[in-house]
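# Geometric and topological summary
Now for the letters of each chain:
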Amino acid sequence: MYERFAHEYAAHAEASPYNALYDRPAVLGLAGDVRGRTVFDAACGPGLYAAELQERGARVIGCDASPTLVALARERTGGRADLRVHDLSEPLGWVPDGSVDLVVLALAIHYLDDRVALLEELRRILAPGGALVLSTEHPMAKWVRLGGSYFTTEPVEESLSERRDWPVRSWRMPLTAICAEFRRAGFLIDELLEPLPVPEMEALYPDDHEWLNQVPAFVAFRLVPRPA
């Protein structure tokens, strides 16, 4: 979906309040110390998370369905990350079992129709003691924006940005359904985070800062494989 507006989105995500000052700090905080670890950046986008993980000492591999975003991510990581064009609705046949210490999946799982299949595949590639850190749209934010019943589970077509024509299709579902899919895929929730904006946002984007201190836009999780 992002290929059509890949360059615009990459420029936007680098400094936008919701990405740079809200989601990325939350996800990277849950990732913890990655020095010497192999991290798989699923749906790597323009490489903003990959570059930061690499800067923190991780060996980064990853993928995105958009060839343009993968090219931008490779450039951003100086060609040192193994980043490939791959649709997450397909198996990760090129990633061996138990070969990564951490998976990062930022703001992408809600685009998949079969989220459990993806989660099972990500669990397969995790090494013992590994974890999956993911963020997604907070169901409350979608309910505030779209109305209707909070408990509705359905795909929704809308623009990613209120100011731009960036059409995307994503799933709307309550928190109970999100967590149930984690369990079906063999994961337990180690930590759930409803992030607050970082303090720097108040001076740069005061309206967004005020709103995000009242209504959550995203929710992040650290998941661990359920013991057999």
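Our structure's up above, just so we're on the same page.
Residues numbered from 1 in each chain as written. Predicted model: local features only at pLDDT ≥ 70, side-chain atom pairs only at ≥ 80, totals over all residues. Heavy atoms only, no water.

### Some details on the pairing of strand E2 (residues 59-64)
- Among the six residues of E2, five are classified as buried, and the element is accordingly described as predominantly covered.
- Of the strand pairs in this sheet, strand E1 (residues 38-42) and E2 are connected by five bridges, and their pairing is parallel. What sits directly across from Phe 40, in E2, is Ile 61.
- Taking the sense of rotation as the criterion, the β-α-β connection linking E1, helix H3 (residues 48-55) and E2 turns out right-handed.
- Here E2 pairs with strand E3 (residues 82-85) via four bridges, running parallel. Within E3, the position partnered with Cys 63 by the bridge is Arg 84.
- Between E2 and its parallel partner E3, the chain crosses via helix H4 (residues 67-76), and the hand of that crossover is right-handed. (Buried < 20%, exposed > 50% of the residue type's maximum accessible area, 1.4 Å probe, protein only. Helix = DSSP H or I, 4+ residues; strand = E, 2+ residues; numbered from the N terminus. Pairing = 2+ DSSP bridges. Right-handed = clockwise from strand over helix to strand, strands pointing away.)

### As for helix H2 (residues 17-31)
- With 15 residues, H2 should cover 21 Å at 1.5 Å per step; its first-to-last C-alpha distance of 20 Å lies within 8% of that length.
- At Asp 23, H2 is bent by approximately 35°, the largest bend along its length, and proline Pro 25 sits one to four residues beyond.
- Taken across its 15 residues, H2 has twelve buried, putting it largely inside the fold. (Expected span 1.5 Å × (residues − 1). Bend = angle between axes of the 7 residues up to and from the residue.)

### Comments concerning empty space enclosed by the protein
- On inspection of all chains with the given rule, the structure shows one cavity of 30 Å³ or more.
- Estimated volume of the largest cavity: approximately 140 Å³.
- Elements represented by at least two residues in the lining of the largest cavity include exactly strand E5 (126-137), helix H6 (139-146), strand E7 (167-172) and helix H7 (175-184).
- Per-element tally for the lining of the largest cavity: the top contributor is H7, with three residues.
- In terms of residue class, the lining of the largest cavity is made up of six nonpolar, three polar and five charged. (1 Å grid on protein atoms, 1.4 Å probe; cavity = no way out; pocket = protein on both sides within 12 Å on 5 of 7 lines; lining within 4 Å. Points joined across faces, edges and corners; volume = space filled by probe spheres on them. Nonpolar A, V, L, I, M, F, W, Y, C, P; charged D, E, K, R; others polar.)

### Quick word on the sheet that holds strand E9 (residues 218-225)
- Strand order across the open sheet formed by seven strands is E3-E2-E1-E4-E5-E9-E8, with mixed pairing between neighbours. Of all the strands in the sheet, the pair left with one neighbour each is E3 and strand E8 (187-193). Strand-to-strand, the axes of this sheet are offset by a mean angle of 20°, without reference to chain direction.
- Contacts from H4 reach E2 and E3, with the element oriented near 170° to E3. (Axes fitted to C-alpha atoms, helices over the stretch in contact; angles between N-to-C directions. Contact = heavy atoms within 4.5 Å.)

### With respect to the nonpolar core
- Among the nonpolar cores identified, the biggest contains 39 residues, and Phe 40, Leu 105, Leu 122, Leu 132 and Leu 134 are the most heavily contacted of them.
- For this core, the secondary structure elements donating two or more residues are helix H1 (6-15), E1, E2, strand E4 (100-106), helix H5 (115-125), E5, H7 and E9.
- The element contributing the most residues to this core is H5, with five residues.
- Not counting the four nearest positions on each side in its chain, Leu 134 is found in contact with Leu 105, Ile 109, Leu 119, Phe 182, Val 219, Ala 220, Phe 221 and Leu 223.
- In this structure, Val 34, Leu 83, Ala 106 and Val 133 belong to the second largest nonpolar core, which totals 22 residues. (Core = buried A, V, L, I, M, F, W, Y, C linked by side-chain atoms within 4.5 Å.)

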